Structures are given as structure tokens and as C-alpha cells.
Amino acid sequence: MKLKSWQKNILSILVIISGGYILFNVAFLLAAIVMNSVNLLIGNVGKPPYLGWIIYLILLTVISWLIFKSKLNDLIKATYLTMPLMVILISEAVFLYEQPQWIVYILGAIIVSGVTFLIYKYKLSWLYYVATAYVTIVALFIAITGVEI
């Protein structure tokens, strides 16, 4: 049986949502591994604050660059986009934890707007918009309900 176009689109959206959920967990597992490794190798004494996060973000940036420059299809790349975008939004919220909540929301909106603009500018597939919307909704849910990560 051959799928109709709308059925393929719904399946693509479901792949982004389920793949994104899995990648969120992978991202935070990777963060834990990197930060625990930094603590194990360097220890806590004399370590610059946020060194583990900085190393983690550099690692994530390199992986993201390799993924986005690859010849993988748009569905895989859009699904992958959920991971670094969620990490950026969560990192922003963590670093600005003591600031008023409206600052976190405004900076998050600027980040999401920037990503959306790049998707539009480079005429990327609609799948990237879906991934961005999904991450935005999940991040807002986390922020509004106060879910601990």
C-alpha cells in the first residue's frame, strides 16, 4: 500500500516528535557524561565555573555542524534540530535562573525567532518549522509548569 502525501506528512511530524523526545534524553545524558567526566578529570577545586557546560556546548556544536553539513535527508536533520535547540533554550534558562522570568522568555523568543528566520532565509523544508514549533511548545511547557530537569 502506498501512502498518500498527507499520511507521509503526519508520519514525518510523528518522527520529529518521537525522535525529538528521544534526543532530548540523549542530550541530557550526554551532558551528564561530559560534566561528570570533567569533574572526574579536573575535580571541583580551581575549576572555572560552567567548564562542563562550555565543553558540552562545544561538543554539541561540533556534532551539530557535522549533522547539518551532511547529506542526510531533511527529516533526519529536522529531527536532530530539536536536540541543540532544546539544549540552547534550557541552557539559557539555567544561566538566567536568578533573572526575572520575562527576561528568559524574551531571550528564548529571540532565539526561536532567529532559528525561524534562518529556516525561512535558507528556504528549508517545512519539517524544520515543525521541529522548531515542537521545541518551543515543550520549552514553554517546562517553563510555565516549572518542570525540573
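Above this note sits the structure.
Model, not experiment: these values are computed from the prediction.

The next point concerns the nonpolar core. Within the largest apolar cluster, 20 residues are counted, with the highest numbers of intra-cluster contacts made by Ile16, Ala78, Leu85, Met86, Leu89 and Val135. Where this core is concerned, the elements lending two or more residues are α1 (5–42), α3 (74–95), α4 (101–121) and α5 (126–145). With eight residues, α5 is the single largest residue contributor to this core. Beyond its immediate stretch of four places on either side in the chain, Ala78 contacts Ile16, Leu127, Tyr128 and Ala131. By size, the runner-up hydrophobic cluster in this structure holds twelve residues, among which are Val34, Val38, Leu51 and Tyr56.

Another point: the packing of α3 against α4. Two packed helices can be described by the angle between their axes and the distance between those axes. Between α3 and α4, the least distance of the axes is 9 Å, while the angle of their chain directions is 155 degrees. Accordingly, the angle class assigned to the pair α3 and α4 is roughly antiparallel. Of the two possible hands of crossing, α3 and α4 adopt the one that is right-handed. Facing Leu81, Leu85, Ile88, Leu89, Glu92 and Ala93 of α3, the residues of α4 in contact are Ile103, Val104, Leu107, Gly108, Ile111, Val112, Val115 and Ile119.

Moving on, we come to unusual backbone geometry. The backbone phi angle of Lys123 is positive, close to 50 degrees, even though this residue is not glycine. Within the element layout of this structure, Lys123 appears in the loop between α4 and α5.

Our focus in this paragraph is the environment of Leu85. Position of Leu85 relative to the elements: it lies in helix α3. The exposure class assigned to Leu85 is buried, which follows from its relative accessible area of 3%. Among residues more than four places away in sequence, those in contact with Leu85 are Ile111, Val115, Thr132 and Val135.

Here we come to the packing of α1 against α3. At a minimum axis separation of 8 Å, α1 and α3 run at an interaxial angle of 45 degrees. Judged by the angle between their axes, α1 and α3 are oblique. In the crossing of α1 with α3, the sense of the turn from one axis to the other is right-handed. Across the interface between the two elements, Ser12, Val15, Ile16, Gly19, Gly20, Leu23, Phe24, Val26, Ala27 and Phe28 of α1 pack against Leu75, Ala78, Thr79, Tyr80, Thr82, Met83, Met86, Val87 and Ile90 of α3. Taken together, the residues that form the contact of α1 with α3 break down as 14 nonpolar, five polar and no charged.

About the cut-offs
All residue numbers refer to position in the chain's written sequence, counted from 1. pLDDT decides what is reported in this predicted model: residues at 70 or higher carry local features, side-chain atom pairs at 80 or more are listed and counted, and totals for whole chains, interfaces and linings draw on all residues regardless. The side-chain numbers reported here are obtained from all heavy atoms of the structure, hydrogens and water having been left aside. Residues belong to one nonpolar core when they are buried, are Ala, Val, Leu, Ile, Met, Phe, Trp, Tyr or Cys, and are joined through side-chain atoms within 4.5 Å. The buried label applies to any residue whose accessible area, calculated with a 1.4 Å probe on protein chains only, is under 20% of its type's maximum; exposed applies above 50%, and partly exposed to all values in between. The helix and strand labels rest on DSSP assignments: H or I over at least four residues marks a helix, E over at least two residues marks a strand, and numbering proceeds from the N terminus. By definition in these notes, contact holds between two residues if any of their heavy atoms fall within 4.5 Å. What counts as an axis is a line fitted to C-alpha atoms, over the stretch in contact for a helix, and the angles between N-to-C directions run from 0 to 180 degrees. Working rule for angles: under 35 degrees goes down as roughly parallel, over 145 as roughly antiparallel, 65 to 115 as roughly perpendicular, anything else as oblique. Crossings are sorted by hand: turned counterclockwise from the far helix by less than a right angle, the near helix makes the crossing left-handed, and turned clockwise it makes it right-handed. Side-chain classes are defined by residue name, with Ala, Val, Leu, Ile, Met, Phe, Trp, Tyr, Cys and Pro counting as nonpolar, Asp, Glu, Lys and Arg as charged, and the others, Gly among them, as polar.

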